[in-house]
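# Notes for the structure review
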Amino acid sequence: MAALITPNNSSEISQEWLEIILGDYESRTRPRSTVHVTSFKVNPGHSMGSFKGDLEYSAADYYYYQDSGVEPPAFSARPQTFTVEVGQSVIIPCDVETPSGRNRLIIKKVPANGGSEKLLSVGTDKVIPDPRMAVDGSRLTISHTRPRDAGTFICQFDLEPPLQLRHILDVQYAPSVRSLVPPEQRVAKGHSVTLECKAHGNPEPIIRWSRQEGPLPSGRPSQQGERLALEAVDRHMEGTYLCTADNGIGEPASAAMSVTVEYPPEVTAEQTIVRTGEGDKVELVCVVHGRPPPDVVWTHNGRPLPDTIMDTQLHLPQPEAHTRTTHHTHLSQTYFAHRHTLTIDPVTEEDVGTYVCIAENSQGQKTAHIQMTSLPKPPQVTSSPNGGESDKYTLTWETESYYPITEFIIRYRRTHLDTWQQRNPNLVMTDSWESVSRPVEEEVVTQDSHHSLAYTLDPLRVATDYVAIVRVRNKYGWSAESDSFFFSTRKTMAVQQSSSCSRSQVTAAFLVLILLPHLLAGI
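Small disclaimer: the values here were computed from a predicted structure and weren't measured.

### Brief notes about the overall build of the protein chain
In terms of regular secondary structure, the protein chain is built from three helices and 38 strands. Burial statistics for the protein chain: of 523 residues in total, 35% are counted as buried. Considering only contacts in the protein chain between residues 6 or more positions apart, those separated by 24 or more positions represent 63%. Summed over all atoms, the accessible surface of the protein chain reaches about 30300 Å², with 51% contributed by carbon and sulfur.

Spelled out as structure tokens, the structure:
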């Protein structure tokens, strides 16, 4: 601020008295005080008049007088930019080429993040009470720099116009990062969720997303940006996502966000058909996924199994599975992680039937069906499709049955028409099925209740293609039909006959060509 000094009856004051007045002002004033000068004397007994001025002093207000004939000060340093890492020390130089006379060096700072200008020192007197800063002549030393030390430092002499030198201090520091969304995200299957975080650091950090459980849903190991969008989520997208900020200073910083997907139960049966018999031990297994963890119950032929309404929620793997035995001592349920098992030991005739594994949570319900049966498995033909005999064929097959096979039935027919029939496909139908049913007198039983059987179809046509279907029976009933099996009787003779027929046809044609002119001449 400028000081207003206006003596009565005079437009100027002598240089000597101005120095006296300013010196007295500097020695007696205190910060933010106001001094009113009512009168002063040029010589003893002579009043020079009175003047009045509001002289307000603050930390930034200094008044200097430059002696005439003295060269004004000049800075020898040049503007510089200093880059340091946090914790290091830095010297801000305000070196002067010429003496400053009575002018005092002022050092000020403008913060990098904005704000008002701050006075640091005047001459050798430090104004700011920060013990990390020290003034040594015309240099300012900052120890253990912090991010807030960054900014523009101004070396200044209050001349007209002011003489200034500006330095820039850039303090680099390791990044920090924080999540802008709740750390736990619960989202329904099929919906979308966006993860977001914000990083601070100098230089500006780069943000990358990764997933603790493996690649991101996109298949990439990482993705750059402040946001990560997950579209149409399913349970395979669950996991912990990491937002990592890195700027090359110190260690990278990370923030973790977990994504939990709520979805209806997903139920699959390990075996949809289980073949067993009385006295056997079987395990019916359903694999269940869902969020929240579903409750699981079992039914048999449409009726709930006794005492099966139990806590079957998902548990972390433990040394032993959880077990509860029903009042039917041969039935028990166990669950371990996602695997739910109904054990029947021993199997009785009443246990055969349809079992349903029912899983339900707040998102919905899903079931899986398991058929427990004592019927044989549909046979699988094992013989070669190319027969070795001309008018018969030996069919062999295998099946699986807990009980002995007591009977079988074979249905077969030709699959190709004769030549004259092929010329009239709309007039002639294929052969009808023929059936052979026999009790089983001898069979080969291998390990795991596998049965092998054989039967020779006789008589059959020479070099002819057939199709056959097989069913077997045990004491509980008939199996389902086997897949259609295509075979043929031996075809070597047919090839020879075909070759002979071809030669006869060629000979007859040749004779017709020779005799045709004579026949025409006779006509």
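### As for the packing of aromatic side chains
All told, the structure shown has nine aromatic pairs when counted by the stated rule. Considering the side-chain rings of Tyr-402 and Tyr-403, the 5.2 Å spacing of their centres and the 75 degrees angle between planes classify their relative orientation as edge-to-face. For Tyr-403, a relative accessible area of 10% corresponds to the buried category. Note on Phe-408 and Tyr-455: the rings are 5.7 Å apart at their centroids and 55 degrees apart in plane angle, and the pair reads as tilted.

### A closer look at the nonpolar core
Formed by 23 residues in total, the largest nonpolar core has its most connected members in Val-177, Leu-195, Trp-209 and Tyr-241. The leading source of residues in this core is strand 20 (residues 253–269), at six residues. Grouped together as the second largest cluster of nonpolar side chains are 20 residues, Phe-75, Val-90, Ala-150 and Phe-153 included.

### Some remarks on the sheet that holds strand 10 (residues 133–136)
Sheet strands pair via backbone hydrogen bonds, and the direction of the pair is either parallel or antiparallel. Strand order in this open sheet of three strands is 6-11-10, and the pairing throughout is antiparallel. The open sheet is flanked by strand 6 (90–93) and strand 10, the only strands paired with a single partner. Strand-to-strand twist of the sheet, defined as the mean angle between neighbouring strand axes without regard to direction, takes the value 20 degrees.

### Here we look at the environment of Lys-491
By the element assignment, Lys-491 lies in the loop between strand 38 (485–488) and helix 3 (492–522). With a relative accessible area of 38%, Lys-491 lands in the partly exposed category. Sequence separation between Lys-491 and Asn-386 is 105 residues, and the spatial gap between their C-alpha atoms is 8.8 Å. Once residues within four sequence positions are removed from consideration, Lys-491 is found in contact with Ala-463 and Asp-465. At 3.0 Å, the side chain of Lys-491 forms a polar contact with the side chain of Asp-465.

### Re the state of the cysteines
Under the definition given, this model contains two disulfides. Covalently, Cys-94 is tied to Cys-155 through a disulfide, its sulfur atoms 1.8 Å apart. On the sign convention where negative is left-handed, the bridge of Cys-94 and Cys-155, at about -55 degrees about the S-S bond, is left-handed. With Cys-94 in the loop between strand 6 and strand 7 (106–111) and Cys-155 in strand 12 (residues 151–157), this residue pair connects regions lying 61 residues apart in the sequence. Grouping residues by exposure puts Cys-94 and Cys-155 together as buried. Each sulfur of the disulfide joining Cys-197 and Cys-243 lies 1.7 Å from the other. Across the disulfide from Cys-197 to Cys-243, rotation about the S-S bond amounts to roughly 60 degrees, and the bridge is consequently right-handed. Remark: Cys-243 occurs in strand 19 (residues 239–246) and Cys-197 occurs in strand 15 (residues 193–202); sequence separation between them is 46 residues. For the residue pair Cys-197 and Cys-243, the accessibility class agrees, reading buried in each case.

### Some words on the side chain of Ser-482
Looking at where Ser-482 falls in the secondary structure, it is placed in the loop between strand 37 (477–478) and strand 38. What makes Ser-482 buried here is its relative accessible area of 6%. Residues within four places of Ser-482 in sequence aside, it is in contact with Pro-379, Ile-469 and Val-470.

### Regarding the confidence of the model for the protein chain
Mean pLDDT over the protein chain stands at 80; residues scoring 70 or higher make up 72%. Predicted confidence in the protein chain is weakest over strand 4 (residues 55–56), with a mean pLDDT of 36, and strongest over strand 16 (residues 206–211), with 97. Here residues 1–17 is modelled with pLDDT under 50, and outside its nearest four sequence neighbours on either side it reaches 29 contacts, counting other chains as well. Every residue in residues 493–501 scores below 50 in pLDDT, and together they form one contact with partners more than four places removed in sequence or on other chains.

### A few points about the sheet that holds strand 24 (residues 303–304)
Pairing in this open sheet of five strands is mixed, and the strands run 21-29-28-23-24 from one edge to the other. The open sheet has two edge strands, strand 21 (273–275) and strand 24, and neither has a second partner.

### Structural notes on the environment of Leu-375
Looking at the secondary structure, you find Leu-375 in the loop between strand 29 (364–373) and strand 30 (380–381). According to the relative accessible area criterion, Leu-375 is partly exposed, its value standing at 29%. Considering only alpha carbons, one finds Leu-375 and Tyr-403, 28 residues apart in sequence, at a separation of 8.4 Å. Setting aside its immediate chain neighbours within four residues, Leu-375 contacts Arg-275, Asn-474, Tyr-476, Gly-477 and Trp-478.

### Some details on the pattern of salt bridges
In this structure the tally under the stated criterion is 17 salt bridges. One salt bridge connects Asp-130 with Arg-132, and the closest N-O pair in it is separated by 3.0 Å. For the pair Asp-130 and Arg-132, a shared accessibility class is recorded, and that class is buried. One salt bridge connects Glu-407 with Arg-473, and the closest N-O pair in it is separated by 3.6 Å. Taken as a pair, Glu-407 in strand 32 (residues 407–414) and Arg-473 in strand 36 (residues 465–474) lie far apart in primary sequence, 66 residues in all. By relative accessible area, which is 21% here, Glu-407 ends up partly exposed. The structure contains a network of salt bridges with shared partners spanning Asp-130, Arg-132 and Asp-149.

Procedures and definitions
- Residues numbered from 1 in each chain as written.
- Predicted model: local features only at pLDDT ≥ 70, side-chain atom pairs only at ≥ 80, totals over all residues.
- Heavy atoms only, no water.
- Helix = DSSP H or I, 4+ residues; strand = E, 2+ residues; numbered from the N terminus.
- Buried < 20%, exposed > 50% of the residue type's maximum accessible area, 1.4 Å probe, protein only.
- Contact = heavy atoms within 4.5 Å.
- Areas by Shrake-Rupley, 256 points an atom, 1.4 Å probe, with all protein chains shown as cover.
- Phe/Tyr/Trp six-rings, centres within 6.5 Å; stacked < 30°, edge-to-face > 60°.
- Core = buried A, V, L, I, M, F, W, Y, C linked by side-chain atoms within 4.5 Å.
- Pairing = 2+ DSSP bridges.
- Axes fitted to C-alpha atoms, helices over the stretch in contact; angles between N-to-C directions.
- Polar contact = N/O pair within 3.5 Å; in protein donor to acceptor, adjacent residues only side chain to side chain.
- Disulfide = S-S within 2.5 Å.
- pLDDT = per-residue confidence, 0-100.
- Salt bridge = Lys/Arg side-chain N within 4 Å of Asp/Glu carboxyl O.

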